[in-house]
Every structure is written in C-alpha cells, then in structure tokens.
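# Understanding the architecture of this molecule
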Amino acid sequence: MDNHETEQRKSEHLDIVLHQKVTSHQITNGLERYRFRHEALPEINFSHIDIGTKFLNKTLLAPFAVSSMTGGTDSALYINQNLALAAQERGWAMGLGSVRAALEHPEVAETFRIRKYAPDILLFANLGAVQLNYGYGVDECKQIIDLTEADALILHLNSLQEVFQPEGNTNFQHLFSRIEALCSALDVPVGVKEVGWGIHGELATRLYSIGVAFIDVAGAGGTSWSQVEKYRSPDNQIRHAAEAFTEWGIPTSDCIIDVRKHAPHQHLIASGGINTGVEGAKSLALGADLVGIGRSLLHNASSASTPDTLISQLKRIEWELKVAMFGIGCKDIPSLKGTNRIALIHP
Ligand SMILES: Cc1cc2nc3c(=O)[nH]c(=O)nc-3n(C[C@H](O)[C@H](O)[C@H](O)COP(=O)(O)O)c2cc1C
C-alpha cells in the first residue's frame with residue numbers, strides 16, 4: 001500500500017472518530033451494572049490516598065494508560081506529542097498506534113518517536129497481530145522496538161475491522177504459533193489487545209500460556225470499528241453489513257470478570273468505553289491492573305497546540321478515581337483491587 005493510501009486511511013479514522021457517532025446504539029461497557037457500596041465513614045485521610053502502581057515492573061503514578069491510537073499522519077505528530085507530554089507529566093502508560101506505517105514509510109517514522117517527550121513512561125509499541133501472516137516477523141518487531149524505544153510490544157487483534165476495510169488483511173490462521181515464536185524471540189514483553197470487541201477468558205488463558213505477558217481486553221461499549229468503517233466505505237453493501245454489527249462484542253466489564261476467573265494472577269488491562277475515574281475504579285475493583293482510555297482523550301489531544309487541556313482531563317480522571325476510593329474507604333490501589341464493596345446491581 002502506498003504512503004498516501006495509509007495516511008489517508010489514518011486521517012479518515014481520526015476525522016470520523018472525532019466527528020461522528022462511533023459507539024454502538026445499545027451495547028455499553030457494562031460498568032453501569034456495578035455499584036460501589038458507599039462507606040460513610042471511610043477512616044482515611046483523602047490527602048493520603050495513593051493511586052500509584054506498578055505494571056511490568058515499571059512504576060506508574062496512576063493506574064491508567066493512553067490506549068494505542070495513532071501515528072503516521074501529519075496530525076499524529078502533534079497528537080502523539082501531546083499524549084506523550086501528558087502521560088509523562090501525570091505518570092501514565094501510553095500506547096502508540098500501529099507502527100507498521102513507520103517501517104513501510106520511513107518518512108512518517110518521526111510521528112512515532114515520542115520517547116524524547118516521555119522519557120520515564122511505560123511505553124507500548126503496537127502492531128496488528130495479523131501482520132505476522134503478511135511478512136512481519138521477529139526482525140520487523142525488533143525494528144519497531146528500536147525505533148520507538150518502547151518497553152513492550154502490543155499485538156492487536158482486529159479481525160472484524162480488517163474485514164470491513166476494503167484494503168483489509170483477513171488471513172488470521174496460525175497466529176497462535178507465530179505469536180508464541182515472537183514472545184520467545186523478543187527481549188521485551190509482548191501483550192495482546194482487541195480494538196473494541198473484547199477478549200474472553202479462554203482466549204486470554206491460551207494467550208498467557210504461549211508467553212503473552214499481558215492482555216488488554218479492549219471490550220465493547222466504546223469505539224466500535226464497524227461503525228468507523230461504515231462511514232469510510234464507498235460500498236453500500238459493506239455499509240449495511242457494518243450496521244448489522246453495531247451491537248457486536250463482549251462488554252468490557254464481562255471481559256474483565258471472565259479473564260480474571262480464568263487467569264487470577266496475570267497482567268490485565270481493562271479498556272473499551274472507559275471515560276471516567278469512577279469507571280476506572282470499578283474496572284480495578286473487578287480485577288484489572290491498569291485502565292486504558294482511548295477515544296475520549298483524542299479531542300483534547302488534537303485540538304490544542306499544548307497538552308494543557310489534556311493534562312487537565314487526566315487530572316480530572318485521577319481525581320474521580322481518588323474520590324471513588326475515598327467513598328469506599330480504600331487508601332491505595334492494592335486495597336481497591338481487593339475490595340468487596342462492588343456489587344452487580346442488575347444482571
Ligand atoms: C483513532 C483511533 C485509532 C486507533 N488505532 C489503533 C491501533 O493502531 N492499534 C490498536 O491496537 N488500537 C487502535 N485503536 C483502538 C484503541 O486502542 C481502543 O482499543 C479502542 O478505541 C477502544 O477504546 P475506547 O473505547 O476508549 O476508544 C484506535 C482507536 C482510535 C480511536
């Protein structure tokens with residue numbers, strides 16, 4: 001694919017995600033079905049609440065990650081810069097969008113070189129797992145890590161998105177063995193994420209068993225890629241078919257619970273439709289180690305030349321998390337993760 005096509009696809013994605021309704025009509029992340037039992041006398045000092053945590057042996061000031069989103073276009077240069085500066089300032093982790101564009105079109109590599117803005121953060125590089133069937137292997141993944149100076153590589157599973165894209169790569173056969181080989185050959189941990197339709201417990205268990213270091217469920221309830229591709233497709237048939245998948249996917253909360261049931265102690269990121277610190281608190285209480293936020297950060301990341309408004313948004317999310325912890329008397333992340341104060345209010 002030439003650079004113009006890749007860049008145009010990525011620009012269209014950004015434009016659609018920022019300006020169209022790209023969520024499902026009914027399906028939600030499911031977190032609204034859970035409620036914390038309020039503690040009127042929390043017996044802690046609000047100013048002592050500590051939301052710091054560790055993930056993959058790296059210290060984070062807050063249990064949040066910017067989900068993998070962009071790179072490879074003109075606007076990605078400053079979006080990634082803003083996201084990186086904000087992540088560095090607040091001590092969040094951050095994922096880059098698929099770095100494939102940088103290998104195929106070195107002229108856009110700069111949009112992925114954000115380490116200089118965020119020297120201390122936990123940084124994830126990103127590649128579609130399906131690319132392992134389309135000429136990508138250990139060498140290319142090592143190049144991706146070198147170029148981005150990332151701490152880990154995330155492989156994304158986006159089978160339905162590929163089907164809806166006119167230029168999609170749809171051969172998902174034999175990926176377990178390719179992922180396994182990659183996990184043992186790379187010096188950095190390899191994680192696997194979805195892009196908004198969710199990962200269930202059995203799949204997570206199988207992925208952990210072949211050496212995958214962490215899973216990001218990227219469940220349903222937020223950005224829906226069938227919706228995004230619906231706006232892009234020139235083909236009437238595909239647009240109609242995409243509409244039929246509006247309610248597809250496993251809600252984020254169901255993914256967290258299912259993965260935790262199957263794999264109680266493995267590294268787990270919750271994401272998919274999470275916008276507030278309260279939803280973050282619920283995800284952690286249900287078993288996640290880290291909470292990923294994608295589309296809802298894009299507006300502030302793309303609308304200003306400085307990261308200030310984005311940093312304010314990150315602070316607000318952290319504050320909401322702290323207030324939720326105060327409301328149930330949890331003074332730190334381990335006690336939030338161990339709380340029994342969360343209950344399903346209706347199935
Ligand atoms: C503009 C945009 C581009 C994205 N590109 C990627 C990508 O390159 N790789 C990836 O793993 N996920 C990508 N995603 C998916 C997100 O990482 C996330 O899983 C998904 O948007 C669900 O989270 P949300 O509901 O908080 O947006 C992208 C999302 C957005 C909004």
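Being a predicted model, the structure only gives us computed values, none of them experimental.

This paragraph deals with the overall build of the protein. Looking only at helices and strands, the protein features 14 helices and 12 strands. Oriented by its inertia axes, the alpha-carbon framework of the protein measures out at about 60 × 45 × 40 Å. A total accessible area of about 14,500 Å² is found for the protein, and carbon and sulfur atoms account for 51% of it. Charged side chains of the protein number 30 positive and 39 negative; the gap between the two group centres comes to 6 Å.

A word on the pairing of strand β8 (residues 190-193). Here β8 shows no split at all, with Val190 and Val192 on one side and Gly191 and Lys193 on the other all buried. Of the strand pairs in this sheet, strand β7 (residues 152-156) and β8 are connected by four bridges, and their pairing is parallel. Residue pairing in the sheet places Leu153 in a bridge with Val190 of β8. Traced from β8 through helix α7 (residues 201-209) to strand β9 (residues 214-216), the parallel crossover comes out right-handed.

Bringing the sheet that holds strand β10 (residues 267-271) into the picture now. Pairing is parallel in the closed barrel, where eight strands are placed in the order β4-β5-β6-β7-β8-β9-β10-β11. Averaged over neighbouring strand pairs, the angle between their axes works out to 25° when direction is ignored. Judged from the three bridges that link them, β9 and β10 form a sheet pairing that is parallel. Paired with Asp216 across the strands is Ile269, a residue of β10. Taken strand by strand, helix α4 (residues 138-148) contacts β6 (123-128) and β7, and its axis lies near 145° from that of β6. Relative to the sheet, α7 contacts β8, β9 and β10, its axis offset from that of β9 by approximately 150°.

Roughly 890 Å³ of volume is contained in the largest pocket. Forming the walls of the largest pocket are 47 residues, and the residues nearest its centre are Ser68, Met69, Gln161, Val195 and Trp225. If you list the elements that add at least two residues to the lining of the largest pocket, you get α1 (3-19), α3 (100-104), β6, α5 (159-164), β11 (290-293) and α12 (295-303). Among the elements that make up the lining of the largest pocket, the one with the highest residue count is α1 (six residues). In terms of residue class, the lining of the largest pocket is built from 11 nonpolar, 28 polar and eight charged. Looking at the second largest pocket, its volume works out to about 260 Å³. Considering the residues around the second largest pocket, the lining is formed by 13 residues, among which Leu157, Ser159, Phe172, Phe176 and Leu203 are closest to the centre. Counting residues per element, the ones that place at least two in the lining of the second largest pocket are α6 (175-185) and α7. Looking at side-chain class alone, the lining of the second largest pocket contains eight nonpolar, four polar and one charged residues.

All right, on to unusual backbone geometry then. With a phi angle near 55°, Glu43 is a residue other than glycine that sits in the positive phi range. The topology assignment puts Glu43 in the loop between β1 (34-36) and β2 (53-55). Judged by relative accessible area, which is 69%, Glu43 ranks as exposed. Unusually for a residue other than glycine, Asn57 sits at a positive phi of about 65°.

Moving on, we get to the site of the ligand. Taken together, the neighbourhood of the ligand is formed by 21 residues, with Ser68, Asn126, Lys193, Thr223 and Gly273 sitting nearest. Note that a nitrogen atom of the ligand is positioned 3.3 Å from one of the side-chain N or O atoms of His156. Note that an oxygen atom of the ligand is positioned 2.9 Å from one of the backbone N or O atoms of Arg295. Expressed as a share of its isolated accessible area of 610 Å², the protein-covered part of the ligand is 95%. Judged by the proximity of its atoms to the pocket grid, the ligand belongs to the largest pocket.

Here we take up empty space enclosed by the protein. Summed over all chains, the structure comprises one cavity of 30 Å³ or more. A volume near 50 Å³ is recorded for the largest cavity. In terms of lining residues, the largest cavity is bounded by Ala65, Val66, Ser67, Ser68, Gly95, Phe124, Ile154, Asp216, Ile269 and Gly292.

With numbering aligned to this structure, UniProt lists the feature "domain: FMN-dependent dehydrogenase" (unreviewed entry) at residues 176-337. With 56% helix and 10% strand, the stretch residues 176-337 has end C-alpha atoms that lie 31 Å from each other.

Here we come to the UniProt feature "binding site: substrate" (unreviewed entry) in the protein. When the UniProt feature table is mapped to this numbering, "binding site: substrate" (unreviewed entry) covers Arg9, Lys10, Ser98, Val99, Arg100 and Gln161. From the set just named, the residues that line the largest pocket comprise Arg9, Lys10, Ser98, Arg100 and Gln161. If you trace the backbone, Ser98 turns up in the loop between β5 (93-95) and α3. In this structure, Ser98 is in contact with Lys10, Phe112, Asn126, Leu127, Gly128 and His156, ignoring residues within four places of it in sequence. In terms of polar contacts, Ser98 uses its side chain to reach the backbone amide nitrogen of Arg100, at 3.3 Å. Positionally, Gln161 belongs in helix α5. Contacts of Gln161, omitting those with residues within four sequence positions, involve His13, Val195, Trp197, Trp225 and Glu229.

Conventions and cut-offs
- Per chain, the residues get numbers from 1 upward, laid out in the order the sequence is written.
- It should be noted that, the model being predicted, local features are given only for residues of pLDDT at least 70 and side-chain atom pairs only at 80 or more, the latter also being counted only at that level, while totals for whole chains, interfaces and linings use all residues.
- The side-chain values count all of the structure's non-hydrogen atoms but skip hydrogen atoms and water molecules.
- Secondary structure counts use DSSP, requiring at least four H or I residues in a row for a helix and at least two E residues in a row for a strand, with both numbered from the N terminus.
- Surface accessibility in these figures is a Shrake-Rupley result with a 1.4 Å probe; residues are shielded only by whichever protein chains are displayed.
- Here Asp and Glu are counted as negative and Lys and Arg as positive; His is not counted, and neither are the chain ends.
- For the purpose of locating charges, the reference atoms are NZ of Lys, CZ of Arg, CG of Asp and CD of Glu.
- Burial classification: accessible surface area is computed with a 1.4 Å probe over protein chains only, and a residue below 20% of its type maximum counts as buried, one above 50% as exposed, and the rest as partly exposed.
- In short, DSSP must find at least two bridges between two strands for them to pair.
- Here a crossover is taken to be right-handed if, once the strands point away from the viewer, the path from the first strand over the helix to the second is traced clockwise.
- Axes here refer to lines fitted to C-alpha atoms; in helices the fit is confined to the stretch in contact. Angles between the N-to-C directions go from 0 to 180 degrees.
- Contact definition: two residues touch when any of their heavy atoms are within 4.5 Å.
- Whether a set of points on the 1 Å grid over the protein atoms alone is a cavity depends on a 1.4 Å probe fitting there but being unable to get out, while an open set qualifies as a pocket with protein on both sides within 12 Å along at least five of seven lines; lining residues are those with an atom within 4 Å of a point.
- Grid points are joined across faces, edges and corners, and a volume is the space filled by probe spheres set on the points.
- Note on residue classes: Ala, Val, Leu, Ile, Met, Phe, Trp, Tyr, Cys and Pro are nonpolar, Asp, Glu, Lys and Arg are charged, and everything else, Gly too, is polar.
- Residues are counted as near a molecule or strand when any one of their heavy atoms sits within 4 Å of it.
- Under this definition, polar contacts are N or O atom pairs within 3.5 Å; protein pairs additionally need one hydrogen-donor-capable and one acceptor-capable atom, and for neighbouring residues in sequence, both atoms have to be side-chain atoms.
- To decide whether a molecule occupies a pocket or cavity, check its atoms: if more than half lie within 2 Å of the grid points, it is inside.
- UniProt positions are given in the numbering used here, feature names are shortened, and annotations may be inferred rather than shown by experiment.

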